[in-house]
Amino acid sequence: MEYPAPSSAAPDPPLHPPPSMLPHPQPPEEEGDGWVLVPASEVEGAHAPKVIHWDDLQQELARLWSLSAALQPAGDRKAHLAARLESALQVRQEFLEQDNELAEMRQRLQGHTDRLGDLKLRTKKLSEDVVDHREQLCVKIRTLSVASKALDAAHGNLKEANKLLSGENGCGHLKNLEQKLRMRQQYMIAQVAQIYPVSPLDEQSPDHKPGFTSNITKTRNAESGLPNGSQNRPLVILGLQLSKLSVKKTGYFSDKTGAQKSSTVLGYAAHAVSLIASYLNVPLRYPLRFGGSRSYVLVPAPSVEPSSITSVATSVPPSTSMRTMEFPLFLDSQETTRSAYAIFLLNKDIEQLLNYIGAESLGPRHVLANLRQLTRIIQSQEYTSVD
């Protein structure tokens, strides 16, 4: 662009061209052309503009045009850098999001690691418990193995024992021997029952005397224990009946017939009980010393020596020895207390024999009835039967 040269009559040109002559870039019509309207306050040196001489104007305009031409690539480069920066920021944002997700994943991984550590500890403890239980189980298995062997040996011994019992010398042989023993006992006690028969009193008996029946009604009616309507009749042994003992002392001139008969009956009963106990091989709790009508019941009792009485004060146990007390089964001008106690003890011996064969006593005052029941049970068929 060329400007006309100034004439000589024209005034001197101003020191700087008018603003209308300066090229002003037009605002871009579309966004992205590189031209931006900027306020004057933001332009560096707007309040103190640079003064350019007319001679230097063309050079300045050329420089401005070159700068303007260089400004377009700078804008493009700026846009390119802005796009790259935007993409970098977007990448940075994505990176931050991924980093947050990674932190969360690391936190979850740490939780899983902690739980895995706990599981490992529990697994280790369970493994140790399993090892302990396995050792205990091995011990129990060995114990069971030993017990099984012992059980097998015991089972074998049991089979051998069963074979021995089922053999000729076994359980059957023992049962046969026991049955023979009971038959022998039955035979021997039957002989005793024949020697000392106990039966109900027969009023037509030759030993029956007038006036004696009235005295019998005062005797112990408890000596019955007989079936078939004979319970009201007293029992006798060899025709003699056990009279009721009187609580009075017997005088020298009193009638001693009843007492002598009772003593004889008690002697017979004592002898029969002694024989039956020996045949049954039963030691009597209260032994009997047979002497006919002067028999005694023996009671072992402890006795304290006189020298040991002084040891009570010194807290030393006294020395005791066993002595035998005798209670008469008869009346001999003495009080009847000892004789009554002897009869009670004799009945206890008969009760012991009844319990030995599996029977019950009829009572503490049924001497002859208990003796008769004892002989009847032993002579029965059930006594010789062995299960």
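Computed from a predicted model, the values in this text were never measured in an experiment.

### Looking at the overall build of the protein chain
Within the protein chain one finds seven helices and six strands. Its helices and strands in sequence order give the protein chain the pattern α-α-β-α-β-β-α-β-β-β-α-α-α, from N to C terminus. Counting over 387 residues, the protein chain shows a buried share of 22%. Put simply, 64% of the contacts in the protein chain that link residues at least 6 apart link residues at least 24 apart. Carbon and sulfur atoms provide 57% of the accessible area of the protein chain, an area that totals close to 28500 Å².

### Some words on the sheet that holds strand S3 (residues 240-241)
Here three strands make up an open sheet; going across it, the order is S1-S2-S3 and the pairing antiparallel. Where the open sheet ends on each side, the last strands, each with one partner, are strand S1 (198-200) and S3. Relative to strand S2 (residues 235-237), S1 is paired through three bridges, and the arrangement is antiparallel. The residue bridging Ser 199 from the neighbouring strand is Val 236, located in S2.

### Remarks on the nonpolar core
In this structure, Ile 276, Leu 280, Leu 346 and Leu 353 are the most contacted members of the largest nonpolar core, which totals 41 residues. Elements supplying a minimum of two residues to this core: helix H2 (171-195), S2, helix H4 (257-280), strand S5 (296-304), helix H5 (337-356) and helix H6 (367-378). Considering each element in turn, this core owes the most residues, nine residues, to H4. The contact partners of Leu 280, leaving out residues within four places of it in the chain, are Gln 185, Ile 189, Leu 353, Tyr 356, Ile 357, Ile 378 and Tyr 383.

### Comments concerning the packing of aromatic side chains
As enumerated under the stated definition, the model contains four aromatic pairs in all. When the ring of Tyr 296 is compared with that of Phe 330, the centres are 5.3 Å apart and the planes differ by 85°; the resulting orientation is edge-to-face. Separated by 34 residues along the polypeptide, Tyr 296 in strand S5 and Phe 330 in the loop between strand S6 (320-328) and H5 bring together distant segments of the chain. Here the aromatic rings of Phe 327 and Tyr 341 are separated by 4.9 Å at their centres, their planes lie at 70°, and the arrangement is edge-to-face. In this pair, Phe 327 is assigned in strand S6 and Tyr 341 in helix H5, connecting sequence segments 14 residues apart. Taking the relative accessible area as the measure of exposure, Tyr 341 reaches 35% and is therefore partly exposed. A network of ring pairs unites the aromatic residues Phe 327, Tyr 341 and Phe 344 as a single cluster.

### Some points on the confidence of the model for the protein chain
For the protein chain, the mean per-residue pLDDT works out to 76, and 71% of the residues sit at or above 70. Here residues 1-32 is a poorly scored stretch, pLDDT under 50, and it has 21 contacts once near neighbours within four places are set aside; other chains count. The low-confidence segment residues 308-316, where pLDDT is below 50, has five contacts with residues more than four positions distant or belonging to other chains.

### Considering the pattern of salt bridges
Opposite charge on two side chains lets them pair, provided their charged atoms get close. Under the definition given, this model contains four salt bridges. Taking the shortest distance from any N to any O, the salt bridge between Glu 60 and Arg 63 comes out at 2.6 Å. Highlighted residues: Glu 60 and Arg 63, both in helix H1 (residues 57-166), separated by three residues, approximately one helical turn.

Conventions used here
Residues numbered from 1 in each chain as written. Predicted model: local features only at pLDDT ≥ 70, side-chain atom pairs only at ≥ 80, totals over all residues. Heavy atoms only, no water. Helix = DSSP H or I, 4+ residues; strand = E, 2+ residues; numbered from the N terminus. Buried < 20%, exposed > 50% of the residue type's maximum accessible area, 1.4 Å probe, protein only. Contact = heavy atoms within 4.5 Å. Areas by Shrake-Rupley, 256 points an atom, 1.4 Å probe, with all protein chains shown as cover. Pairing = 2+ DSSP bridges. Core = buried A, V, L, I, M, F, W, Y, C linked by side-chain atoms within 4.5 Å. Phe/Tyr/Trp six-rings, centres within 6.5 Å; stacked < 30°, edge-to-face > 60°. pLDDT = per-residue confidence, 0-100. Salt bridge = Lys/Arg side-chain N within 4 Å of Asp/Glu carboxyl O.

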